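# Results of the structural survey
The residues making up each chain are set out below.
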Amino acid sequence: QVQLVESGGGLVQAGGSLRLSCAASGRTFSSDAMGWFRQAPGKEREFVAAISWSGGNTYYADSVKGRFTISRDNAKNTVYLQMNSLKPEDTAVYYCAADSSLYRFIATDQGYGIDYWGKGTLVTVSS
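Figured I'd write up the structure that's included with this text. (Residues numbered from 1 in each chain as written. Predicted model: local features only at pLDDT ≥ 70, side-chain atom pairs only at ≥ 80, totals over all residues. Heavy atoms only, no water.)

Here we take up the sheet that holds strand β3 (residues 18-26). On the basis of which strands lie adjacent, the open sheet formed by four strands has the order β1-β3-β8-β7 and antiparallel pairing. Among the strands making up the open sheet, the edge pair consists of β1 (2-7) and β7 (68-73). Taken pair by pair, the neighbouring strands of this sheet meet at an average axis angle of 15°, ignoring direction. Taken together, the six bridges between β3 and strand β8 (residues 78-83) define a ladder with antiparallel strand orientation. Considered in β8, the bridge of L20 is made with L81. (Pairing = 2+ DSSP bridges. Helix = DSSP H or I, 4+ residues; strand = E, 2+ residues; numbered from the N terminus. Axes fitted to C-alpha atoms, helices over the stretch in contact; angles between N-to-C directions.)

Structure follows, in structure tokens:
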């Protein structure tokens, strides 16, 4: 089993930046691939970004490409999401996720089938 704990959410003005962190513990061999989803009020969960174990393969939703950067520090079992140029439409609960397969992060927009999820951290972007 893998436990995921997100941190770094908060309130920020449009155009500002935040960095989210997700620390993995437990059977971290099951978290070769990690990433982020988000769920805005009244909307379904959607894919944000994902990264392979080596960090060599990254994927981003079109809505965040060029503004967000995903990275990881395997020595700390931690994945990060640097969010720049934030917009009000980025307001959502951001969920960290982990799975042995990177494919599951990009197969569906909602992340169906991904094994492990954090409880989420709220990001609010004011206008």
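Turning to the pairing of β3, a few remarks are in order. The pairing of β1 with β3 spans six bridges and is classified as antiparallel. When the bridges of β3 are listed, S7 appears paired with S21.

A full pass over the atoms with the stated rule returns five salt bridges. Residue D90 pairs with R38 through a salt bridge whose shortest N-O separation is 2.9 Å. Taken as a pair, D90 in the loop between β8 and β9 (92-99) and R38 in strand β4 (residues 33-39) lie far apart in primary sequence, 52 residues in all. Each member of the pair D90 and R38 is classed as buried. A salt bridge links R67 to D90; the nearest nitrogen and oxygen atoms lie 2.7 Å apart. In this pair, R67 sits in the loop between β6 (58-60) and β7 while D90 sits in the loop between β8 and β9, placing the two residues 23 residues apart along the sequence. (Salt bridge = Lys/Arg side-chain N within 4 Å of Asp/Glu carboxyl O. Buried < 20%, exposed > 50% of the residue type's maximum accessible area, 1.4 Å probe, protein only.)

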